[in-house]
Amino acid sequence: MYGSASTHDLPTSAATGLENEDPILLAEFEARIGRGEKIEPGDWMPALYRKQLTRMIEQHAHSEIIGSLPEGTWITRAPGFRRKMAQMAKVQDEVGHAQLLYSAAETLGKTREQMLIDLINGKSKYSNVFNYPTPTWADSNVISWLIDAGAIVNQLANAKGSYGPYCRALDRICAEEAFHLKYGHDAVVHMATGTPIQRKMMQEALNRWWPAIMTFFGPSDKMSVHTEILMRWKVKMASNDECRNQFLDMYVPKIWEIGLTLPDANLRKNEETGVWEFTEPDWEDFKRVINGDGPCNAERIAVRRAAEENGAWVRRALLTPKTQYVRPLA
Amino acid sequence: MINSHDPRMNRLGLPDAPEAPAAKGALDQFGTYEVFHQKKEGAPFVYVGPVHAPEADVAFLFAKEQYSRRFACTGMWVVPTAAITVTAYVGDQESAYDTLPLLPKSSAPAAGLADDTAAAEAAYAAGEEDYDIFHLKKRGKAHQHVGKVRASSPADALQVAKGVFGELRPVANVWAVRAADFLRSEDEDRDIWTTTPEKKYRDAISYKVQDRIEKFKAENPQSH
Ligand SMILES: [Fe+2]
Ligand SMILES: [Fe+2]
Ligand SMILES: [Fe+2]
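None of the values given here were measured: they were computed from a predicted structure.

1. Focus: the overall build of chain A
Consideration 1: A tally of helices and strands in chain A yields 11 helices and two strands.
Consideration 2: Taken from N to C terminus, the helices and strands of chain A fall in the order α-α-α-α-α-α-α-α-α-β-β-α-α.
Consideration 3: Here chain A has a C-alpha radius of gyration of 20 Å; the compact-globule value for 330 residues is 20 Å, and the two agree.
Consideration 4: If one aligns the C-alpha atoms of chain A with their principal axes, the spans along those axes are about 65 × 60 × 35 Å.
Consideration 5: Across chain A, the fraction of contacts at a sequence separation of at least 24, relative to all contacts at a separation of at least 6, is 79%.
Consideration 6: Accessible surface computed for chain A: about 12900 Å², of which carbon and sulfur atoms make up 58%.
Consideration 7: In chain A, 39 positive and 42 negative side-chain charges are present, and the distance between their average locations comes to 5 Å.

2. Some details on a nonpolar patch on the surface
Consideration 1: Nonpolar side chains collect at one region of the surface, where W313(A), V314(A) and L318(A) lie side by side and expose about 310 Å² of accessible area between them.
Consideration 2: Examined against the element boundaries, L318(A) turns out to sit in helix α11 (residues 297-318).

3. Details of empty space enclosed by the protein
With a probe scaled to a water molecule rolled over the atoms, the places where space remains empty come into view.
Consideration 1: A full pass over the atoms with the stated rule returns three cavities of 30 Å³ or more.
Consideration 2: Counting only elements with at least two residues in the lining of the largest cavity, the list comes to α3 (81-106) and α6 (164-192) of chain A together with β2 (46-53) of chain B.
Consideration 3: It is β2(B) that provides the largest number of residues to the lining of the largest cavity, a total of four residues.
Consideration 4: In terms of residue class, the lining of the largest cavity is made up of nine nonpolar, three polar and one charged.

4. Here's the deal with the confidence of the model for chain A
Consideration 1: With 94% of its residues at a pLDDT of at least 70, chain A reaches an overall mean of 93.
Consideration 2: Across residues 3-8 of chain A, where pLDDT falls below 50, the model places 28 contacts with residues more than four positions away in sequence or in other chains.

5. Comments concerning the pairing of strand β7 (residues 173-178) of chain B
Residues and elements named next belong to chain B.
Consideration 1: With five of its six residues buried, β7 lies for the most part within the structure.
Consideration 2: Across six bridges, strand β5 (residues 129-136) lies against β7 in antiparallel orientation. Residue pairing for β7: H135 is matched across the bridge by V174.

6. Thoughts on the coordination of the iron ion (ligand 2)
Residue and element names in this part refer to chain A.
Consideration 1: The iron ion (ligand 2) binds to the protein through E94 (OE), D148 (OD), E177 (OE), E177 (OE) and H180 (ND1), with metal-donor distances spanning 2.0 to 2.6 Å.
Consideration 2: Read in sequence order, the donor residues for the iron ion (ligand 2) give the motif E-x53-D-x28-E-x2-H.
Consideration 3: The distance between the iron ion (ligand 2) and the iron ion (ligand 1) comes to 3.5 Å, with E94 serving as a donor to both metals. You can see D148 sitting in helix α5 (residues 137-158) and its partner E177 sitting in helix α6, a full 29 residues away along the chain.

7. Some thoughts on the environment of S68(B)
All names here are of chain B.
Consideration 1: As for its position among the elements, S68 is in helix α2 (residues 56-68).
Consideration 2: Placed 142 residues apart in sequence, S68 and Q210 show a C-alpha to C-alpha distance of 30 Å.
Consideration 3: Here K64 takes part through its backbone oxygen, which lies 2.7 Å from a polar atom of the side chain of S68.

8. A word on α6(A)
Residues and elements named next belong to chain A.
Consideration 1: Compared with an ideal rise of 1.5 Å per residue, which puts 29 residues at 42 Å, α6 spans 41 Å between its outermost C-alpha atoms and is within 8% of the ideal.
Consideration 2: The sharpest bend along α6 comes to roughly 30 degrees, located at E176.
Consideration 3: Within α6, 23 of the 29 residues are buried, which leaves it mostly tucked inside the rest of the structure.

9. Points about the nonpolar core
It is characteristic of soluble globular proteins that their nonpolar side chains tend to be buried jointly.
Consideration 1: Grouped together as the largest cluster of nonpolar side chains are 105 residues, with contacts concentrated most on Y49(A), I57(A), L146(A), Y163(A), W210(A), W233(A) and F247(A).
Consideration 2: With near-sequence residues (within four places) excluded, Y163(A) lies in contact with I39(A), E40(A), P41(A), M45(A), Y49(A), L53(A), I57(A), A104(A), T107(A) and L108(A).
Consideration 3: In this structure, V90(B), A151(B), L158(B) and V160(B) belong to the second largest nonpolar core, which totals 16 residues.

10. Some points on the environment of G13(B)
Residues and elements named next belong to chain B.
Consideration 1: Mapped onto the fold, G13 is located in the loop between α1 (7-12) and β1 (31-38).
Consideration 2: Classification of G13 as partly exposed rests on a relative accessible area of 33%.
Consideration 3: Distance in space between the C-alpha atoms of G13 and N220 is 48 Å, their sequence separation being 207 residues.

11. Here's the deal with the layout of surface pockets
Consideration 1: The volume enclosed by the largest pocket comes to roughly 1000 Å³.
Consideration 2: Along the walls of the largest pocket sit 37 residues, with I65(A), V95(A), Q99(A), R304(A) and E308(A) positioned nearest its centre.
Consideration 3: Elements that contribute at least two residues to the lining of the largest pocket include exactly α2 (47-72), α3, α4 (112-120) and α11 of chain A together with α1, β2 and α2 of chain B.
Consideration 4: If you tally residues by element for the lining of the largest pocket, the top one is α11(A), at 10 residues.
Consideration 5: Here the residues of the lining of the largest pocket are counted per class, giving 20 nonpolar, 10 polar and seven charged.

12. Concerning unusual backbone geometry
Consideration 1: At the junction of R169(B) and P170(B), the peptide bond is cis and its omega measures out at -10 degrees in the coordinates.
Consideration 2: For P170(B), the location among the structural elements is in the loop between α4 (154-165) and β7.
Consideration 3: The phi dihedral of K234(A) falls on the positive side, at around 55 degrees, and the residue is not glycine.
Consideration 4: For K234(A), a relative accessible area of 29% gives the class partly exposed.
Consideration 5: For F30(B), which is not a glycine, the phi torsion comes out positive at approximately 70 degrees.

13. Things to note about the interface of chain A and chain B
Consideration 1: Between chain A and chain B, the contact holds 70 residues from the first and 66 residues from the second.
Consideration 2: At the boundary of chain A with chain B, total buried surface from both sides reaches about 6100 Å², with 60% on carbon and sulfur atoms.
Consideration 3: Three residues, E113(A), R172(A) and L329(A), lead the burial of chain A against chain B; their summed loss comes to 11% of the area buried on that side.
Consideration 4: The interface formed by chain A and chain B contains eight salt bridges.
Consideration 5: Here R139(B) makes a salt bridge to D43(A), at a shortest N to O gap of 2.5 Å.

14. Here we look at a negative patch on the surface
Consideration 1: On the surface, E186(B), E188(B), D189(B) and D191(B) cluster together into a patch of negative charge.
Consideration 2: Its location among the elements puts D191(B) in the loop between β8 (183-184) and α5 (209-219).

15. Focus on the environment of T195(B)
All names here are of chain B.
Consideration 1: The residue T195 is located in the loop between β8 and α5 in this model.
Consideration 2: Take T195: its relative accessible area is 36%, and that puts it in the partly exposed class.
Consideration 3: Separated by 192 residues in the primary sequence, T195 and N3 have C-alpha atoms spaced 39 Å apart.

Reading the values: the criteria
- Residues numbered from 1 in each chain as written.
- Chains lettered and ligands numbered in written order.
- Predicted model: local features only at pLDDT ≥ 70, side-chain atom pairs only at ≥ 80, totals over all residues.
- Heavy atoms only, no water.
- Helix = DSSP H or I, 4+ residues; strand = E, 2+ residues; numbered from the N terminus.
- Rg over C-alpha atoms; globule rule 2.2 N^0.38 Å.
- Contact = heavy atoms within 4.5 Å.
- Areas by Shrake-Rupley, 256 points an atom, 1.4 Å probe, with all protein chains shown as cover.
- Lys, Arg positive; Asp, Glu negative; His and termini not counted.
- Charge placed at Lys NZ, Arg CZ, Asp CG, Glu CD.
- Patch = residues over 30% accessible without salt bridge, like charges linked within 9 Å, V, L, I, M, F, W, Y side chains within 5 Å.
- Salt bridge = Lys/Arg side-chain N within 4 Å of Asp/Glu carboxyl O.
- 1 Å grid on protein atoms, 1.4 Å probe; cavity = no way out; pocket = protein on both sides within 12 Å on 5 of 7 lines; lining within 4 Å.
- Points joined across faces, edges and corners; volume = space filled by probe spheres on them.
- Nonpolar A, V, L, I, M, F, W, Y, C, P; charged D, E, K, R; others polar.
- pLDDT = per-residue confidence, 0-100.
- Buried < 20%, exposed > 50% of the residue type's maximum accessible area, 1.4 Å probe, protein only.
- Pairing = 2+ DSSP bridges.
- Donors = N, O, S within 2.8 Å, 3.2 Å for Na, K, Ca; no water.
- Polar contact = N/O pair within 3.5 Å; in protein donor to acceptor, adjacent residues only side chain to side chain.
- Expected span 1.5 Å × (residues − 1).
- Bend = angle between axes of the 7 residues up to and from the residue.
- Core = buried A, V, L, I, M, F, W, Y, C linked by side-chain atoms within 4.5 Å.
- Buried area = accessible area lost by both parts, 1.4 Å probe.

Structure, rendered in structure tokens:
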């Protein structure tokens with residue numbers, strides 16, 4: 001799930017470094033993207049392109065693997081065998097997405113070891129929504145449906161980006177997400193149209209998650225120099241506001257039609273402009289949580305770290321001593 | 001101690017704050033293998049992506065889980081990344097074969113399609129081997145198997161492939177791999193691929209959510 005826009009912070013005004021690039025190679029690179037051709041790992045690319053893509057794909061991978069935790073919590077307690085199987089399959093898909101994305105990022109030169117370490121040591125970010133807990137089954141359902149829905153908006157946009165390995169990974173990911181979205185929608189509808197207690201549980205979960213969902217696509221775009229370059233290079237495919245608006249347009253009506261409400265009295269579509277209006281999310285709180293002070297940051301990292309450390313002896317035992325590291329090809 | 005909503009997490013007794021920063025040695029995540037997948041009987045093998053694994057058998061196991069769990073397939077090949085020889089990448093309208101060093105006419109290899117004629121036997125005896133050749137037709141798509149050639153080295157295999165497959169333009173990139181370097185699924189083991197279709201709960205179409213929504217709307221005309 002969980003595309004890029006929600007997490008990756010652009011360097012604000014600093015130099016792009018483009019003045020240090022070879023102008024002929026840069027022109028060829030831009031002409032290739034202009035023709036609609038993809039960039040492949042062996043191609044020359046500007047340092048800024050490599051750096052931003054590495055950061056974006058790596059953060060996407062971290063979001064998949066950390067995002068599997070709040071839903072994974074509910075596998076053993078999902079109501080009924082079929083839902084346990086489906087929840088487990090979905091969580092396994094998300095971990096698989098992380099594998100695909102780590103490999104795509106690795107083609108740009110950063111090793112998987114370094115990415116995993118940067119996650120555990122808090123150097124790399126992941127989607128901030130996973131720093132919130134899933135205290136009930138209904139909270140897990142909200143993630144399955146609406147966080148995945150938001151992620152799909154991002155991922156479909158990014159699948160049209162310029163970097164070949166990322167596109168190949170996203171094509172597979174998007175195909176698997178179709179199940180997640182339907183599964184999540186089904187689970188939410190089941191609760192929302194169920195008994196009064198189920199309904200109340202779902203409404204409360206939605207109220208808890210709505211502020212985080214509104215921050216999912218990241219702060220409003222200021223269209224910095226970098227954003228323009230990254231859009232020209234097809235690294236960033238749509239602005240945060242465009243993605244958020246598309247998400248609201250697709251999903252708010254589906255939430256309202258099953259009799260659920262959203263905790264924002266200002267939420268409405270301006271029929272003249274086609275743009276959704278809403279109360280501005282609390283970006284100070286967003287910043288505080290993404291920088292480590294959220295309800296689950298410590299737990300997410302501790303669990304990931306324990307998994308890595310507990311598996312270390314198995315990996316050491318399996319390692320073939322004469323192995324030589326070669327970057328994956330594509 | 002970490003206090004989680006998940007009892008399994010609480011049983012781990014994880015500390016609130018990390019002691020020292022975590023670290024990993026080189027190759028903690030192993031080397032990489034590249035994976036190719038056959039969608040249905042008779043279809044060409046197509047590149048699906050890499051896996052990290054300590055050896056070929058484990059790579060095959062991981063690849064089966066990663067790439068065939070959700071997508072039906074009838075066969076799979078894995079090969080160490082290091083075993084693949086890669087040409088330059090060219091534009092979507094060009095041929096990567098044009099970037100190979102030009103050979104003087106006299107030393108251009110005779111087309112070496114792998115077959116079992118007497119000539120082939122002599123060539124194998126002289127140290128030639130089979131190579132699998134893969135083409136990337138368009139950047140951003142996946143490499144696809146186009147056939148085998150017989151050659152004495154990877155560089156030679158690319159030259160031979162140019163003679164055999166060079167007319168198939170455009171070719172944005174070519175991979176050549178010694179056939180012996182692959183671990184391939186066996187025909188007699190094809191039962192291992194039949195696990196996918198029975199897991200209906202992973203199909204979007206098995207969730208009939210619209211019926212329930214319509215029923216709800218009919219019973220609650222005022223609530224939306
Ligand atoms: Fe995902
Ligand atoms: Fe998902
Ligand atoms: Fe998800």
